[in-house]
Each structure stands twice: as structure tokens, then as C-alpha cells.
Amino acid sequence: QRTKHQHNTSPYHNTYHTSNNRPIKGTTAMNRLVSVLAIMSVAALTHRHHIIRTCAAFSIQHHRYAVARTNGRHRHDRQPSPWSLQLASQASSNDSNSDGDGDSSTFCVGILGDLHIDPRKMEDYEAGREQWIGVFQQERQRTDNLALVSLGDLGESKNCDHNEGNPAELYSGTTLCHQVAADYLSSFDVPVGKAGAGVNAAGDGKVVEDTASTVATATVTDAPAPTVNIPYEVIGGNHDLEGIDEFATDEDNLQAFMSIHNKPSPHFARQIADRTFLVGLCSTTFRDAPYTSHEVIIDDAQIRWFEDFLRSHPADEGNKVFVFTHAPPNGSGLRVLQENHVINGCCWLNHSDEDRCRKFIELVREHRCVKGWFSGHFHLGQDYQDSITFPTVPKEEEGPDPNRGSCVFVQTSVMRGGTSRDGRQQSRLLRGSKDGFEICTVDHAKGGKVRLDATIRYRDDSHEVGVYAHPDETLQHDNYFRVKMPQEDDDGYMCGPEDESECVLTDCPIDENDTCWWRLSSGRVLGMTNGMLLEYDRSTLAPLGLVVSADELVGKKIAVVDSGIEECEIDFDNIGMEGADCGPEYTEREQAVIMYDESFDSVTVVQPNEDGSYWRKIVRNKIARMQ
């Protein structure tokens, strides 16, 4: 594939790892290995059992080096995540060479938002990695349970001068894109903080004693310092199967993604600490998306696996689950982009399918083991308070209860400046223990400065208390980045099935400042914001999509009218059952939403879709792909 498409080599291509996971290249690396082996053989008389172990480690890595050279590309040494579980760090709590405090409940996870790597612009990524290495090095004084999670969208969705044979090819989703991303994500090597500590040859992050290292460093002064490699997990976003010029099907593209990142399945589960698990779900559809190609679609097999996982790890047994997806679920309450993701119908997981879209928040409500849910997708910073939403808001204190179970939802920004919508360059840091967890920002625009954003303390297995650590920090143009979301019983509610007459929503022609919402007798929820007519989810009141654009709606009036036709059935065949379906509990009736001007010269009926929804599900980018 590389020859066929005439790809340039990856900036990390042909970089291999010694047993301490430091990058080495070419014949210099081989000479260094030979020198170290020779030195070790001299010391074998006094440190024989340690030397055998260490030489075996180098032999394993030398074999991998040779295999990688034979195959013609870098084969990563990171251990794959099985369908069940794997420990993020195998370091034992009583390891005398461990930098951590030995508490098996403590952990630290670095979370990277949309990378959108452009191989011509690696400066921000390289600087961000060095900042993260410093953060991990500091965290290793507290715990050995470390991991890195990438939220997907690994490559830039445009041509990056990467394929001379096809200058129109998009970089995202290609083999080269995933190879560069895998090389980058596997290159977070953290110096070991204590003398005499080395790295397990298995590459699993375990720090082991290496008494021969003193002899080696005394003789070979340029030997690299010991490091521990931070294992990574990755899930796919809406751009990671975009290699449409290289792969004919989603299945082929997904298989390449999984193979390059050593993923046996699209999803992952990793045990990071005592009864604490990281779970990731992956978007698996691009070409076959029913509507917009950039909808983040979690397939049914993953949903079944996820539900089974939650069911088998109940909260009352002390289990805690942190979930990672590219887009957030409907009902998360996170800030969204009305000018982009709302209009294009790709805000939420499985956005276009009403039942499958709502499935995730229903699982969160049912399974209180889910403590946190991290997502990216929006390219928005982490300075807004609604980039983090807490599980519940008591109705009697601050307003309606959103019923988010026991879960804190967290938005993650981007690392590279050219991919940010609001100028922020930030990642998330998750620090946890048996008592709760902290959500922090790693600010790449400020030299990797770590800021505490929120503290969550466990009250019991199913309840917690969250506190924001800083005020909302916004820019002057902040209003662009938020769409009005209705709340039950707020001032914007106009009418619903309980009203017997038609509902005229505005006395004056609509302008961009009008904000209101209403329920139809069918249960559908419509509302106006920024001059647009939107549909909202009937349960979570999250925005679903555009119904009428501002250029069509501004200057007109809008009303909900009844047709006068009763929709209930009257059964004349069964004596005693006449009108049974039209009892007092029956509220649905045929209604129409109409737009009109003041002179009634123009009246437009807003027609629903076949499934009863109103928002536009066929959008421009999908139409272009269909053509």
C-alpha cells in the first residue's frame, strides 16, 4: 500500500525501541546493543541471574527489531487490549523500585482530544508530548498506574502533501496517517525517577530492578537513561475511516486502523486500578452512514458488549468505570456548536437514530458504576464551565434534575493550535483514588501548565459530590459556541399538548433574538434560537438538528394549529368498547407547524420526516458523497 500510493515516510518511521523503550535508529543502535551485551557478559560472574534476565530482554527486543526491519515498517511493542481486561500497569504495590506510593486505587490517565495530525506541522505535537512526559513524570511519584487515551480523529481531513501519486487524497484514515499516529502515541517515554530501575522487556510499563545497569552506565557513558513507556488506548472518531481513496469499504478501513494500533476489537477495556476500568467505544461507519458521513456511529455489537460490561461490573461491588468516546452521548449537557454539529446532525453518538442515540444516557442512568465520560469532537476549549457537567442538580435547589446517573461528562479540547475553534490548546488529566477523582487541564499554550478544573468526591458507591475549581473563563465571542438548550418549566416554554387551542408563538415577526420552545401532541419538541427552528430530544431536551434555517424563518411568524381530525380509533364492532382509545388520557391529535407572514400571502407547512421527526437528516456532505 505504501508503494502503491507513493507515501512519504512517517517522521517516526523506522524508529525502534530498546528494552527501556528509548528510541534508537540505524546501525548506531545495533552497535550500542552489541556493546551493552558485551559489557554485561563481563559482569556475568558477579550478577549472573540478573544478567540472564536483562540479556533476555535485549534479545527479545533485538528479535523484534529484526522482524520490523524485515517487514519494512515499525511494528509496535505495546501490548494489545483483549476483549476482556488488561492491567494498565503491572507494577506491584510492594515494588521497592516503584516511584508510586503503593496504593492500588490511585491512577492517572492522560486524555488527548482530536489530534488531526498534519505531518508537515508536528511542532505542537512534539511540544505537547514533552509537556505530557513532564506531567507523567510528576504523577509517577504518586502512582504507577498510568495510561494515555486518544479520543480519535487522528489525522487532518485534507491533503497533506503525503501522496504524490494522488494529490487530492485526504490524509485522515489512510494507512500512513494511522502509522504516524501510532508511532506518536507509543512514544511517550517517561524517565524513571529512581536509580537502578529499568523497564520490563514486555513493554507493559512495569519497572523492574536491574542491578547490572550500574556496570553498564559506568563503562558506556552515552547509554540512554531508563524510561517507562506510557501505554495508550485509542478509539476511532468520524474522520478515522475517511481513507476513501485507499480503502473501498468501511470494514477494510477499520481493519487497517485496528491492525496498526494493535486493537483486537474496535472497543477496549483496561483495568487501571483496583476495581477501576477504562472503557472505549469506537465509531465504525463512514461510507455506510445513513445520513451525514460525520456522524459518530457505535455499532450494535459494541453497544451489547458495553451493556454486558456494565451489568457485570455493578456499582454496589465497588466498580468504577470511565468511558471514552469521540462524540458525547445525548443527554450529557455539554456545550455544542449550533453552526456546525447541530446543523449537520452529528452532535451525539448515533445521532440520527432516536432510540440508539438515547441508549447511552439510559445506560448511564441505570448503571451508576459509570463515573466519568470523556469526549472530544467539538474542538472547543476547557475554560467553559459547561465543558464539565455533574451528574445531578437537585430540583429543589437549583432547577430541574437532568438525571445523568452517577456520571460526570467531560469535553476535551485539542493539542494543535490550527485545529482549535476558540484558540485553546488543551488536554485533560484524570487523577483518581479510592476517595474520588480530579479533572484537570494540561494547557499546551501555557507550557503544559496543569490546572485543577473539578473535584469529585465519592459519598458512596452510587453518589458523589462535584465542585468546580475555577470560574467560567470565556472569550468575547463566547455566545457563538453555545446553543440554547430548553429546560423543563423555564420561561421559554410556550405551549404543549395540554393546550386546547392553536399556539401562536410570537406576536411579532421572528428575529435572531427570539428564544422559545414547545411540545407537540406527538411528544416532539421544537424551539427557536438564533433565528433558527431546531428540534430537541423529547427526553433529554438536547438539540437534534435544524428544521428551518434563519434565512427562511427570520421575518415570519410561526404557529402550531390543530387539523381538527381526531386520531383515536372508535371500535364499532365490539359492544362496550366504543371510543375506548379516546379516553381522558388520550392527548395526541393531528397538528401542523406553519410559518406565515403578517399578510398571510405566504403560508408554509413544516412537514415531518417519515419517522415523525422534523430535523433535516440529509445534509450537504452526505449528498455530495451520494452523488
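Attention here is on the structure that accompanies the text. Values in this document were obtained by computation on a predicted structure and should not be read as measured data.

**Brief notes about the pairing of strand β12 (residues 320-324)**
Both faces of the sheet carry side chains from a regular strand, because those side chains alternate between them. By the criterion of burial, β12 is predominantly enclosed, with five of the five residues buried. The alternating pattern of β12 places K320, F322 and F324 and V321 and V323 on opposite faces, both of which are buried. Pairing analysis gives five bridges linking strand β11 (residues 276-280) to β12, with the strands arranged parallel. From the neighbouring strand, L278 faces β12, where its bridge partner is F322.

**Considerations on the nonpolar core**
Judged by nonpolar contacts, the single largest core of 63 residues is most densely connected at V109, W132, F136, L278, F322 and F324. When residues of this core are assigned to their parent elements, the largest contribution, seven residues, is made by helix α5 (residues 175-185). If we skip the residues at most four places from it in the chain, F322 touches F107, T276, F277, L278, V279, K371, G372, F374, L430, F437 and Y458. Judged by nonpolar contacts, the second largest core, of 26 residues, contains F306, F360, V370 and C407.

**Some remarks on the pattern of salt bridges**
This model, assessed by the stated rule, comprises 25 salt bridges. Here D300 and R356 are joined by a salt bridge, their closest N and O atoms 2.9 Å apart. Of this pair, D300 sits in helix α8 (residues 300-311) while R356 sits in helix α10 (residues 354-366); the two residues are 56 residues apart in sequence, bridging distant segments of the chain. Classification of D300 by relative accessible area gives partly exposed; the value is 41%.

**Digging into the sheet that holds strand β27 (residues 603-606)**
Here we have four strands laid out as an open sheet, ordered β20-β25-β26-β27, and antiparallel in their pairing. Of all the strands in the sheet, just β20 (503-504) and β27 have a single pairing partner and so form its edges. Taken together, the four bridges between strand β26 (residues 591-596) and β27 define a ladder with antiparallel strand orientation. Counterpart to V593 in the pairing with β27 is V606.

**Concerning unusual backbone geometry**
The phi angle of most residues is negative, glycine excepted, and most peptide bonds adopt the trans form. For N262, which is not glycine, the phi dihedral falls at a positive 55°. Relative to the helices and strands, N262 is located in the loop between α7 (250-260) and β10 (268-273). Backbone geometry at N350 places phi at a positive 50°, although glycine is not the residue there. Relative to the elements of secondary structure, N350 occurs in the loop between α9 (338-342) and α10.

**Quick look at the side chain of T455**
Turning to its location among the elements, T455 is positioned in strand β18 (residues 449-460). Looking at T455, the relative accessible area reads 16%, which means it is buried. In this structure, T455 is in contact with F437, E438, V465, G466 and V467, ignoring residues within four places of it in sequence.

**With respect to the side chain of H162**
Following the sequence through the fold, H162 ends up in the loop between β4 (146-150) and α5. A distance of 2.9 Å separates the side chain of H162 from the side chain of E169, its partner in a polar contact.

Basis of the calculations
- In every chain, residue numbers begin from 1 and rise along the written sequence.
- Reporting of local features is limited, given that this is a predicted model, to residues whose pLDDT is at least 70; pairs of side-chain atoms are given and counted only at 80 or more, and all residues count toward the totals for whole chains, interfaces and linings.
- For the side-chain quantities, the full set of heavy atoms in the structure was used; hydrogens and water were omitted.
- Burial classes: relative accessible area under 20% of the type maximum marks a residue as buried, over 50% as exposed, and values in between as partly exposed (1.4 Å probe, protein chains only).
- Helix and strand definitions follow DSSP, with helices as H or I runs of at least four residues and strands as E runs of at least two, each counted in order from the N terminus.
- Two strands make a pair as long as DSSP finds a minimum of two bridges between them.
- Definition used in this section: a nonpolar core is a set of buried Ala, Val, Leu, Ile, Met, Phe, Trp, Tyr and Cys residues joined via side-chain atoms within 4.5 Å.
- Any two residues having at least one pair of non-hydrogen atoms within 4.5 Å are treated as being in contact.
- Here a salt bridge means any side-chain nitrogen of Lys or Arg lying within 4 Å of a carboxyl oxygen belonging to Asp or Glu.
- Two N or O atoms form a polar contact when they lie within 3.5 Å of each other; inside protein one atom must be a possible hydrogen donor and the other a possible acceptor, and for residues adjacent in sequence the pair counts only when both atoms belong to side chains.

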